[in-house]
Amino acid sequence: MPLGTGTAMADQRCNVPLAEWQPRAALQQQVEAQGWRVTRIRTKDGCYRVQGTNERGERYEGTFHPGTLRVLKVEIEYD
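Here's what I pulled together on the structure shown here. None of these values were measured; they are calculated from a predicted model. (Residues numbered from 1 in each chain as written. Predicted model: local features only at pLDDT ≥ 70, side-chain atom pairs only at ≥ 80, totals over all residues. Heavy atoms only, no water.)

1. Section: the packing of aromatic side chains
Quick note on the threshold: Stacked, tilted and edge-to-face are the three classes assigned to paired rings of Phe, Tyr and Trp, where Trp is represented by its six-membered ring and a pair needs centres within 6.5 Å; plane angles under 30 degrees give stacked, over 60 edge-to-face, the rest tilted. Where helices and strands are cited, they refer to DSSP runs of H or I of at least four residues and of E of at least two residues respectively, numbered from the N terminus. Residue burial is assigned from relative accessible area. The probe radius is 1.4 Å, only protein chains are included, and a residue is buried under 20% of its type maximum, exposed over 50%, and partly exposed in between.
Throughout the structure, instances matching the rule amount to three aromatic pairs. Pairing Trp 21 with Tyr 48 gives two aromatic rings, centres 5.0 Å apart and planes at 70°, and the pair type is edge-to-face. Linking Trp 21 in the segment before α1 (24–33) with Tyr 48 in strand β2 (residues 47–53), this pair joins segments that are 27 residues apart in sequence. The buried category is assigned to Trp 21, whose relative accessible area is 18%. Their ring planes at 65° and their centres at 6.1 Å tell us that Trp 36 and Phe 64 sit as a pair that is edge-to-face. Placement of Trp 36 in the loop between α1 and β1 (37–44) and of Phe 64 in strand β3 (residues 59–64) is noted, with a sequence separation of 28 residues between them. Under the relative-accessibility criterion, Trp 36 is labelled buried at 6%. Through successive ring pairs, a cluster of aromatic residues spans Trp 36, Tyr 60 and Phe 64.

2. Some thoughts on the side chain of Asn 54
Note the following rule: We define a polar contact as two N or O atoms separated by no more than 3.5 Å, with the added condition that, inside protein, one atom must be a possible hydrogen donor and the other a possible acceptor, whereas residues neighbouring each other in sequence contribute only through side-chain atom pairs. In this description, contact between two residues means that some pair of their heavy atoms is separated by no more than 4.5 Å.
Residue position: Asn 54 is located in the loop between β2 and β3. One polar contact links the side chain of Asn 54 to the main-chain amide nitrogen of Arg 56, over a distance of 2.9 Å. When near neighbours in sequence (up to four residues on either side) are disregarded, Asn 54 contacts Gly 35, Arg 37 and Tyr 60.

3. Overview of the pattern of salt bridges
Once their charged atoms are close, side chains differing in charge can pair, the charge on each being opposite to the other. Put simply, the test is: A pairing counts as a salt bridge when a side-chain nitrogen of Lys or Arg comes within 4 Å of a carboxyl oxygen of Asp or Glu.
Using the criterion set out here, one finds seven salt bridges in the structure. As a salt-bridge pair, Asp 45 and Arg 49 come within 4.0 Å of each other at their nearest N and O atoms. Given a relative accessible area of 30%, Asp 45 falls into the partly exposed group.

Interpretation in functional terms is not warranted from these geometric data alone.
Pasting the structure below:
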């Protein structure tokens, strides 16, 4: 049974001009430093969405602010 955990987002959309976005490579480096194995980075509602796993195979999905790369929401699916 999946169990999600994380912080609630006040606003599901990020409203940042594209010229102020941090590069995807910087986001990938940031989450990999935290132990994620990145499988996909995409954009949705103006935010970065990252999918990945950890060393135990648990699936992660995170939403990140594109200008600051601050974590807005993380969901973890446990087996």
